[in-house]
Amino acid sequence: MSFLDREHTVARPGYSRWLIPPAALAIHLCIGQVYATSVYKTALVQDFGTTLTSIGVIFSIAIVMLGVSAAVMGTWVDKVGPRKAMFTAACCWSAGFLIGALGIATDQLWLVYVGYGFIGGIGLGIGYISPVSTLIKWFPDRPGLATGMAIMGFGGGALVASPLSRELLAFYDGHGDTAAVASGGAVAKLFVTLGVVYFLVMMLGVFTVRVPAPGWRPDGFDPAQLKAKPMVTTAHVSAANAIRTPQFWLLWTALFCNVTAGIGILEQAAPMIQDFFRKGETSSVTVAAAAGFVGLLSIFNMTGRFAWSSASDFIGRKPIYVVYLGVGMVLYTLLALVGSTSTALFVLLAAVIISFYGGGFATAPAYLRDLFGTYQVGAIHGRLLTAWSMAGVVGPLIINGILDARGTPGELTASDYRPALFTMVGVLAVGFVANLLVRPVAARWHEPAGTPQTSAAAQAAAPN
C-alpha cells in the first residue's frame, strides 16, 4: 500500500492542477449522499417498526461523527497526504453502507447506527477535509474558486443520490413505482449498490490526486500579490496554535451562526412554504410543489458554494462574510414580514439565504488559508467544522422548539414562524459582529523561520 504515501503522490512536471478539483469532486459528490437520507427514511420506519426519531438518529450520528472525525483526524490528514486520507474515507464510507445493509437485512437497527452512522460518519469527516489543503496549495492564486468547486459537490450530492435511489428502490422492489414506500429488502440492496458504486467513484479521486512539488507555483503567479492584500498572510500557523487565537474562535462563531440560521430553513423547508400560504386547513402550495421547492434550495445551496466562494477571491473573505451575515439579516427580516405576500418572493428570499448558507461552507477553507497560511490548514479546517456539528443540533432545536410552542404541525401559518425567523436575525447579528472583529493573526503565533513549512513558502516565493 506504499502507493498511498505522500512521497508517491508528488506531481511530476507538466501535471495539470485542473485535475485536482475533479478528484476532490469525486469524493464530495459521493459523501454528499448524506443529504438524501430522507428518500428511504419512511421505508426504514416501516421495516424496523419504529419511530421517525429512531431512524433520524442515523443521520444525527453521521453528522456528529463528521465534525468529530474532521477535528480529531485533521492533523493526521495533513501529515499523510490526500491520497491515503481519501482512500481511508472511501473505505469507511463504503463499509458504512455495507454494514448498514447487513443491519437492515437482519433487522438489527444498531448495526445501521454503527455502520452508516458511526463508521460512515468517520468517512464523511475525513473525506470532507482531505482535498482542502491540497486544493489550496495548487491554487494559491484562487483558493476560493478551488475549494468552491469541490465543496459544491457536497451540496449537490443529494441531487444525484435522490433520484438514483428512488429509481433503484423501485427496480429492486420490481414494481417500478418511485412514489411507493420501498421494502426493507430493497433498501438493503440499495445500500450494497451505493457502497460499491461510491467506492469505485472515490477511487477515481484517490488515483488522480497529487500534491505539488516543493517550490511549485502557477505560471504568472507572484506571491508578493498575496502580501499586498489585507487579511492575507504569507506566514504559517500550526493547528495547535490556531485554536489558541481569537481569530479562529471568531470565525468559528461566524460559521456557526451562518449555518444555524440556514439549516433551520433547510430542515423545515417543505412544511414551511405550505404553512406560509395556508388559509384555514388548506395550503395553496401542494405537496409536489413543496418537494420541488426543496429541490430548488438544493440547487442554490450547491451553486452558492461555487459562486460566492469564487467571488471572495476578488472582494476578500471578510467582506463576503459581511454579505452572508449582514444581507442575511435583511433577508430573514423580509421573509418574516412580507414573505407571505407572494410565493415568488418567498422562494427568492429563501433561495438567496440558502446560497449564503452554502457559500459560508465553501469560503471557510480559503478564509483559514488567509489567516493561518497553508501549513496544517486541513487540520484547522477540521477543527472549524465542529461549528457545523453544533449548528446542526442548535438550528433545528430553535426552529422546532418555537414552532411546537406556537401550534400543531399542519395548522401553522406565517405569523407562527416570525418569532423563529427574528431569532435567526439575532443569531446572524452575533456572527456579523464576530466577523467584523477578525484581524490578522499576531506574529507570535507564526511558525519560526527555518522550519520545513516556512522553507517551502520561501521556495515558492523565489523566482523560477
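Residues numbered from 1 in each chain as written. Predicted model: local features only at pLDDT ≥ 70, side-chain atom pairs only at ≥ 80, totals over all residues. Heavy atoms only, no water.

Attention shifts here to the overall build of the protein chain. A count of helical and extended segments in the protein chain gives 18 helices and two strands. Computed over its C-alpha atoms, the radius of gyration of the protein chain comes to 22 Å, within 12% of the 23 Å expected for a compact globule of 464 residues. Expressed along its principal axes, the backbone C-alpha trace of the protein chain runs to roughly 70 × 50 × 35 Å. The contacts of the protein chain with a sequence gap of at least 6 include a subset with a gap of at least 24, amounting to 84%. Taken as a whole, the protein chain presents about 18,200 Å² of accessible surface, with 67% of it coming from carbon and sulfur. (Helix = DSSP H or I, 4+ residues; strand = E, 2+ residues; numbered from the N terminus. Rg over C-alpha atoms; globule rule 2.2 N^0.38 Å. Contact = heavy atoms within 4.5 Å. Areas by Shrake-Rupley, 256 points an atom, 1.4 Å probe, with all protein chains shown as cover.)

Another point: the environment of P140. Structurally, P140 is set in the loop between α6 (132-138) and α7 (143-173). In sequence terms P140 and P218 are 78 residues apart; their C-alpha atoms lie 8.1 Å from each other.

This part takes up the side chain of T147. In this fold, T147 is placed in helix α7. Among the polar contacts listed, one links the side chain of T147 to the backbone oxygen of G144, at a separation of 3.4 Å. Beyond its immediate chain neighbours, meaning those up to four positions away, T147 contacts L135, I136, A362 and P365. (Polar contact = N/O pair within 3.5 Å; in protein donor to acceptor, adjacent residues only side chain to side chain.)

With that settled, the discussion passes to helix α13 (residues 317-338). Here α13 spans 31 Å end to end across 22 residues, near enough to the 32 Å set by a 1.5 Å rise per residue. The sharpest bend along α13 measures roughly 30° and falls at G328. (Expected span 1.5 Å × (residues − 1). Bend = angle between axes of the 7 residues up to and from the residue.)

Looking now at the confidence of the model for the protein chain. The predicted model of the protein chain averages 87 in pLDDT, with 94% of residues at 70 or higher. Looking at the elements of the protein chain, mean pLDDT is at its lowest for helix α18 (residues 452-461), recorded as 47, and at its highest for helix α4 (residues 82-105), recorded as 96. Across residues 457-464, where pLDDT falls below 50, the model places 13 contacts with residues more than four positions away in sequence or in other chains. (pLDDT = per-residue confidence, 0-100.)

Counted under the stated rule, the structure contains 28 aromatic pairs. Geometrically, the ring pair formed by W249 and W252 is tilted, given 6.0 Å between the ring centres and 50° between the ring planes. Residue W249 and its partner W252 are located together in helix α11 (residues 246-276), separated by three residues, close to a single helical turn. Taken together, the ring pairs connect Y40, W93, F97, Y116, F191 and Y198 into an aromatic cluster. (Phe/Tyr/Trp six-rings, centres within 6.5 Å; stacked < 30°, edge-to-face > 60°.)

Right, let's talk about the nonpolar core for a bit. Formed by 135 residues in total, the largest nonpolar core has its most connected members in W93 and Y321. Top contributing element to this core by residue count: α11, with 16 residues. With residues near it in sequence (within four places) discarded, Y321 still touches L251, A254, L255, G326, G360, T363, A364, Y367 and N435. (Core = buried A, V, L, I, M, F, W, Y, C linked by side-chain atoms within 4.5 Å. Buried < 20%, exposed > 50% of the residue type's maximum accessible area, 1.4 Å probe, protein only.)

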